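Structural characterization, general
What follows is each chain in one-letter form.
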Amino acid sequence: MANNAWYTFYELHESKIRESIVIAVAKVLSCKNKIRGYKKYKCSNDLCDNIKIVPHTCKSKLCSSCGKKATAIWIAKQNNILPNTEWQHITFTMPSELWDLFWLNRDLLNQITKLAADCIMTLASKLDVVPAIFTALHTFGRDLKRNVHVHLSTTRIGLHTNLKRTKKLFFKQHSLMKMWKHRVIKLFKSCNIILPYSLASQFNNAYTFNDLLNSLYHKNWMVFCQKASSNHYANVNYLGRYIKRPPIADSKLKHYDGNNVIFKYLDHKTNTYLESSFSVFDFIARLIQHIPDVNFRMIRYYGVLANRVRSKLLPILYRFLGQTEKCQLILPSYSSLLISNFKRNPMVCSICNNHMIHVLTIYKNTSSHILLGHHNLAVNTFH
């Protein structure tokens, strides 16, 4: 980044930056750099001396390039596994007063999607059925501000607990809203919450954190139930754009002069594109706060799709739907993505149009070594 902006920011705020952020940034800085190693290809035509060097990628969640491939792979896997039946996409939001609490109480992020899924599972259990559910946690709005909410997709049928039939499901928005806010408020009341100063300074003996929670409970919370769709493809494609990529796409970045960043985003209220301008340090702070901890699962599965019962229940549900079990999936590669998106085959020689063949793989610095050389990498002196 121009003017070594990232490392200057890092030195100013090192004590406040989570290790997972440094790991993600170091990976991105090394992406498609020969310091990670590379693959060597040569033209299959002995009369052509064309050689291509392809550096290894970083596979970081902060990398837009790697995120595109990860997204394509996730979408392909879901389309191969999820039952072909009616699905409904539901978004669970919460009042803005609660958003900042998750940054000081990060363990709550591990629990919040389960609360959304439990609303669906509770309603389904009254009919003695189990639906298929997957969730995606978002911590950001399109303008990169904090906005913790859960995207949930569920089948509109459930597998009966006797495993001998299925039953239709219908979800009422108002009922889900009451269940959701009850569970979230109960979670905050049951935990020893660390409060940010901006919030803690508002409380005294006459007005406590519990009083705030009680007042929020009496408000309407937005739980948005989209119209049911005949299959899961639209939901999978929508969520795939966000869960495996950085919080902001490269295409939304309009200008960066080394001091300020301008990006555009779609405002849901007006359905128009707006622009935001931040100093490069403010932009970095907004962006990196949404990097998840190492091994944190942004996507989770419940009901028929839960890992502990999936192998047993999913084939039964397939059978009721008249759906055959899926065959082994061929996952998208960088070559196939380049062909589909840019009509360019990287395995074709650019000189004579013959096939390129792999002749050598070099493995250089590991991710841990790259992390140790974070400073040199950030100022472009890593060797």
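Structure first, text after, so check above.
1. Description of the pattern of salt bridges
If the charged atoms of two oppositely charged side chains come close together, the side chains can form a pair. Under the definition given, this model contains 8 salt bridges. Linking Arg 18 and Asp 293 is a salt bridge whose minimum nitrogen-to-oxygen distance equals 2.6 Å. Of this pair, Arg 18 sits in the loop between α1 (5-13) and α2 (19-30) while Asp 293 is found in the loop between α10 (280-288) and β13 (299-303), placing the two residues 275 residues apart along the sequence. A salt bridge links Arg 183 to Asp 118; its shortest N-O distance comes to 2.7 Å. Taken as a pair, Arg 183 in helix α6 (residues 173-190) and Asp 118 in helix α5 (residues 109-125) lie far apart in primary sequence, 65 residues in all.

2. Some points on the sheet that holds strand β4 (residues 129-130)
If you walk across this open sheet you meet the 3 strands as β4-β7-β8, and the pairing is antiparallel. In the strand order of this sheet, the two ends are held by β4 and β8 (166-168), each with one partner. For β4 and strand β7 (residues 157-160), the ladder comprises 2 bridges, and the chain directions are antiparallel. Following the sheet pairing, Val 130 is matched in β7 by Leu 159. Sheet strands touched by helix α11 (residues 310-320): β7 and β8. Its angle to β7, the strand with the most contacts, is close to 115°.

3. Focus: unusual backbone geometry
A positive phi is found at Asp 128, a non-glycine position, where the angle reads about 60°. Positive phi values are uncommon outside glycine, yet Asn 271 reaches one of about 55°. Along the chain, Asn 271 turns up in the loop between β11 (260-267) and β12 (272-279).

4. Notes on the sheet that holds strand β5 (residues 132-140)
Taken together, 5 strands build an open sheet; the order of strands is β9-β3-β6-β5-β13 and the sheet is antiparallel. Each edge of the open sheet is held by one strand with a lone partner, namely β9 (223-225) and β13. Direction aside, neighbouring strands of the sheet carry axes that sit 20° apart on average. Where strand β3 (residues 87-92) meets β9, 3 bridges bridge the pair, whose relative direction is antiparallel.

Procedures and definitions
Think of each chain on its own: its residues are numbered from 1, step by step along the sequence as written. The predicted origin of the model limits local features to residues at a pLDDT of at least 70 and limits the giving and counting of side-chain atom pairs to 80 or more, whereas totals for whole chains, interfaces and linings rest on all residues. Computation of side-chain values covers all heavy atoms of the structure but excludes hydrogens and water. Salt bridges are defined by distance alone: a side-chain nitrogen of Lys or Arg within 4 Å of a carboxyl oxygen of Asp or Glu. For helices the rule is a DSSP run of H or I covering at least 4 residues; for strands it is a run of E covering at least 2, with both sets numbered from the N terminus onward. One requirement defines pairing of two strands: DSSP has to find at least two bridges between them. By the convention used here, residues are in contact when the closest approach between their heavy atoms is within 4.5 Å. Axis definition: a line fitted to C-alpha atoms, limited for helices to the stretch in contact. Angles are taken between N-to-C directions and run from 0 to 180 degrees.

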